[in-house]
Amino acid sequence: MSSEPLLVVRDLIKTFVDGGVETPVLKGVNFSLAEGELCALLGPSGSGKSTLLTIVGLLAQATSGSLVMLGRDLTSASDRELTEFRNAHIGFVFQFHHLLPDFTALENVVFPAALRDGRETSVARDRARELLVRVGLEDRIDFRTTQLSGGQKQRVAIARALMNRPELVLADEPTGSLDKESAQQVLELIAEISQAERTTYLISTHDDAVAAKCRREIRVENGVVK
Amino acid sequence: MPFFLKVAFRYLTANKAQTALLVSGVAVGVFVFVFMSALIGGLAVFLVQRTVGDVSHVTIEAPERGAEAIAFDNPSLQLLVRQRSSSQRELLRTADAFLPLIEAMPEVAAVSPQVVGNGFMLRGEVRAAVSVTGVDPDKVSAIANLDNRLTSGTTELTGSTIVMGRKLAEDLGVQVGQVVRLQSDRGIERSFMVGGLFAIGVEALDSRAAFVSLSAARTLFETPQGLSRIEVKLFDLYGADEVAKRIAADTGLDATPWTANNAQLLDGLRAQASSGNLIKAFALITIVIGIASALSLSTYRRRPEIGIMRAMGASRWFVTLVFIVQGALIGIFGGLLGVGLGYAALSPFPPPELTSAAGLPVDVRQGAYGLALLLTAGAAILASILPSRAAARVEPVTVILQ
C-alpha cells in the first residue's frame, strides 16, 4: 500500500464572477484523501460541497490552488488531459443517476471502457456483466434503463462508476432520490465495494445515515474545511 | 464497430418516427434533385433531337474564295473582277483523299459525301423550286433519318428514282411511282420516278428538298468529279466543335459544327440548365436546413446526456463525431431512398428521343444519381457541423449540477 495520499487539495479557491460581481464559494480548501477511504463530505446547502466535488472530479477549474492526484499536479492540465484522466481514474455517482436512457444497463456500464478503447470489447462487456451481478442486477442486464426502478438505476450508476477500476469515486447525494430501503441497499453496496477493492469514495451528503456509514468526515462550512 | 458509430446509430434508432421523418424529408429533396436532372437533361435531348437531330453535326466544304481579279489595267486604274456564283460553292476536289481519314475518326458515326444544287421540278403546268441533294444510295438516311420519316414508298435510290418531301409532292400533284422532270440550274433536264415521300416536319425541307443518287446529281450539276460538301454525323453531337476543329486542322477544309448555326438553341439550353441548377441548389439548401434544425434540436434535447458522456471521459472530438455521423447517416439513407424513388419514378418514361410532343421528356439516364448521393452526404455533413460543435461545447458541470 502506498504511503502517499491519493488526493491532495491545497489552498483551493473558487470564485464565480457574474456581471462583474464576484462570489467566493471556496475560500482556501485544504484536505487529502488516502487510498481506500470512505469519506463523507458534509455541510449545509450552499456551503460549496458540490462545487468542491466538481473541481475534484476535474469537471470544473479552480480559481487558484492546487490539486494533485496519484502524484500528478492537475492544476494546469489541458482539457484533453483532464478528460483522459477522468476516464481512467475517476468514477461518478450522481443524485439523479444520469444514466443514458437509450442504452441498456449493460451498455451504460460498459460506456467508460468503450470510450477508452474506442469500441465495446468482449473483455469490457464481461467486466460490466460482473459488476451488474455484483450490484444485484443480473436479471436486468439487458433492460433499458427506463425500465428500471430508482434504486436499480442508482446501482447501475455505481457499477458504471467502477467500470474502469478508478481509484476515486465521487458521489453527490447518491441516496438523495431513493426511498429508505433502496438508499440502505445502495449504501451497503458502496461500503462493501470500497472495502473489497480499496477504492476511495468521497460522498457529498446531507444524510446522517450516509455519514454514519463513512469512516471519515470532511465538513465544509462557509467555503472552508472545518 | 467504432463506438462513436454505435452511439450515433443508437441515437438515430432511439426515436424511429422522428428519424424516419427526417430521412423522408431528405429523400424528397434528393428526389427533386434527381427528377430535375432527368427533366433538364431529357428536355435538352428532346429539343436537340427535334431541332438538330436530322442535320449534319459537322459540314465540310471547300474554303470560300473571294472575287477573282481577272484584269488590272494600270494606266487607267481599272479593276475587273469575276463575281462569285451565288448558287454554286467551290467544289471539294480532293475530298476522296480525306474521306477515309474522316470515317476513321472514333467520334464519327456516319459520313455522307454529297453533290448539291438547285433546280426546278416540273409536272405538267406546275413548276416548283427544289433543292437537290445527291447522296450515295446506301447513305440516304445517314444524316437525316428519312427511313423513319417516310410516309410512302421507299428510300432506295437508283439512278432514275427520286425521294422528295411530301409537301413538294402535294404541290406538284405527284405520288409514289409517278414521273417528274427535274431541271437543274445548269439547264440539264432529266426525268425521275418518285420512289418515296418523307415528312420531316420542317416546312423548308418538306416543301423543297429532294434526294437523288450521287451519280444522277453529278450529271444534273455537271460535276463529274469532286463533291459539294461532306456531311458528318457524330455519336455525340456535343463533341461537334472539337471534331470540326480537328477536321479543319487535318484537311485544311472548312468544317462547320452544328453549334455555329444554332447559337440561340444553345443559349436556350444553357438558360434551361441554369434554371434547373438553381432548383437543385434550393433542394440541397432545404436538405441542409432540415438536417441542421433537427440535429440542433437533438443536441439541445440531449445536453444532459452529452454532459454525462463528457464526465465519463468522452472527448469533445468524440461528441462531435457522434453528431456528424448522425448527419451523414441521415444524408446517406435519405439520399439512397431519394435516388431509389427517383429511379423508380423515372423508369417508366420512354427515352426523350422517343417522347411524343405531348409527353414529358425526362431522361432516366440523366438522373445524376451518384452526384445526388454525393452532394446529399456532403450537405448532410455540412449541416451537422454547427450542431455538433454546439454539442462538443457542452460543459458537463453545467448539466450535472442542474
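Before reading further, recall that the structure is shown in the block above.
Residues numbered from 1 in each chain as written. Chains lettered and ligands numbered in written order. Predicted model: local features only at pLDDT ≥ 70, side-chain atom pairs only at ≥ 80, totals over all residues.

Student: A description of the sheet that holds strand S10 (residues 224–225) of chain A should follow, citing residues and the corresponding values.
Tutor: Residues and elements named next belong to chain A. Here we have 6 strands laid out as an open sheet, ordered S6-S7-S8-S3-S9-S10, and mixed in their pairing. Strands at the two margins of the open sheet, each flanked by one partner only, are strand S6 (90–93) and S10. Across 4 bridges, the pairing between strand S3 (residues 38–42) and strand S9 (residues 216–221) is parallel. Paired with Ala40 across the strands is Glu217, a residue of S9. (Pairing = 2+ DSSP bridges. Helix = DSSP H or I, 4+ residues; strand = E, 2+ residues; numbered from the N terminus.)

Student: So what about the sheet that holds strand S5 (residues 72–73) of chain A? Which residues, and what values?
Tutor: Backbone-to-backbone hydrogen bonds pair the strands of a sheet. The strands run either parallel or antiparallel. Residue and element names in this part refer to chain A. Taken together, the 4 strands give an open sheet; going across it, the order is S2-S1-S4-S5, and neighbouring strands pair in antiparallel fashion. For this open sheet the edge positions go to strand S2 (21–33) and S5, each flanked by a neighbour on one side alone. Strand direction decides the pairing type here: strand S1 (residues 7–18) and strand S4 (residues 64–69), joined by 5 bridges, are antiparallel. Note on S4: the bridge partner recorded for Arg10 is Ser66. Against the sheet, helix H1 (residues 49–56) engages S1, S2 and S4, with an angle of about 120° to S1. (Contact = placed C-beta atoms within 7 Å. Axes fitted to C-alpha atoms, helices over the stretch in contact; angles between N-to-C directions.)

Student: Describe in detail the nonpolar core, supporting the description with residues and values.
Tutor: Counting 130 residues, the largest nonpolar core has Leu41 and Val109 of chain A together with Val34 of chain B as the members making the most contacts within it. Residue contacts for Val34 of chain B: discarding those within four places in its chain leaves Gly338, Val339, Gly342, Gly367, Ala368, Tyr369 and Ala372 of chain B. Counting 52 residues, the second largest nonpolar core, distinct from the first, contains Val111, Phe198, Val232 and Leu237 of chain B. (Core = buried A, V, L, I, M, F, W, Y, C linked by C-beta atoms within 7 Å. Buried ≥ 20, exposed ≤ 12 C-beta atoms within 10 Å, placed from the backbone.)

Student: Outline the interface of chain B and chain A, listing residues and values.
Tutor: With 19 residues of chain B at the interface, the matching set in chain A holds 23 residues. Where the side of chain B that touches chain A is concerned, the elements lending two or more residues are helix H1 (3–14), helix H10 (303–312) and helix H13 (396–400) of chain B. No other element matches the 5 residues that H10 of chain B contributes to the side of chain B that touches chain A. For the side of chain B that touches chain A, a count of residues per class yields 15 nonpolar, 2 polar and 2 charged. (Nonpolar A, V, L, I, M, F, W, Y, C, P; charged D, E, K, R; others polar.)

Student: Explain the packing of helix H3 (residues 105–117) of chain A against helix H4 (residues 122–134) of chain A to me, using residue names and the numbers behind them.
Tutor: All names here are of chain A. Two elements in contact, H3 and H4, have axes separated by 9 Å at closest approach and are oriented at 140°. The orientation of H3 relative to H4 falls into the category oblique. The two elements H3 and H4 meet at a crossing, and its hand is right-handed. Contacts between H3 and H4 involve Ala105, Leu106, Val109, Val110, Ala113, Ala114 and Asp117 on the former and, on the latter, Ala124, Arg125, Ala128, Arg129, Leu131 and Leu132. Residue classes in the contact of H3 with H4 are distributed as 10 nonpolar, no polar and 3 charged. (Parallel < 35°, antiparallel > 145°, perpendicular 65-115°, else oblique. Left-handed = near helix turned anticlockwise from the far one by under 90°.)

Student: Describe the packing of helix H9 (residues 263–301) of chain B against helix H11 (residues 316–346) of chain B, with residues and values.
Tutor: Residue and element names in this part refer to chain B. At a minimum axis separation of 11 Å, H9 and H11 run at an interaxial angle of 140°. In terms of axis orientation, H9 runs oblique to H11. Considering the relative orientation of H9 and H11, their crossing is right-handed. Every residue of H11 that contacts H9 at Ile291, Leu295 and Thr299 is listed here: Phe323, Gln326, Gly327, Ile330 and Gly331. Looking at side-chain class alone, the contact of H9 with H11 contains 4 nonpolar, 4 polar and no charged residues.

Student: Requested: an account of the pairing of strand S8 (residues 179–184) of chain B, with residues and values cited.
Tutor: Residue and element names in this part refer to chain B. Strand direction decides the pairing type here: strand S4 (residues 108–123) and S8, joined by 4 bridges, are antiparallel. Following the sheet pairing, Leu122 is matched in S8 by Arg181. Relative to strand S9 (residues 189–198), S8 runs antiparallel, the two sharing 5 bridges. Within the sheet, the bridge partner assigned to Gln183 lies in S9 and is Glu189. Count of turn residues in the S8/S9 antiparallel hairpin: 4 residues, of which Gly187 carries a positive phi of about 85°.

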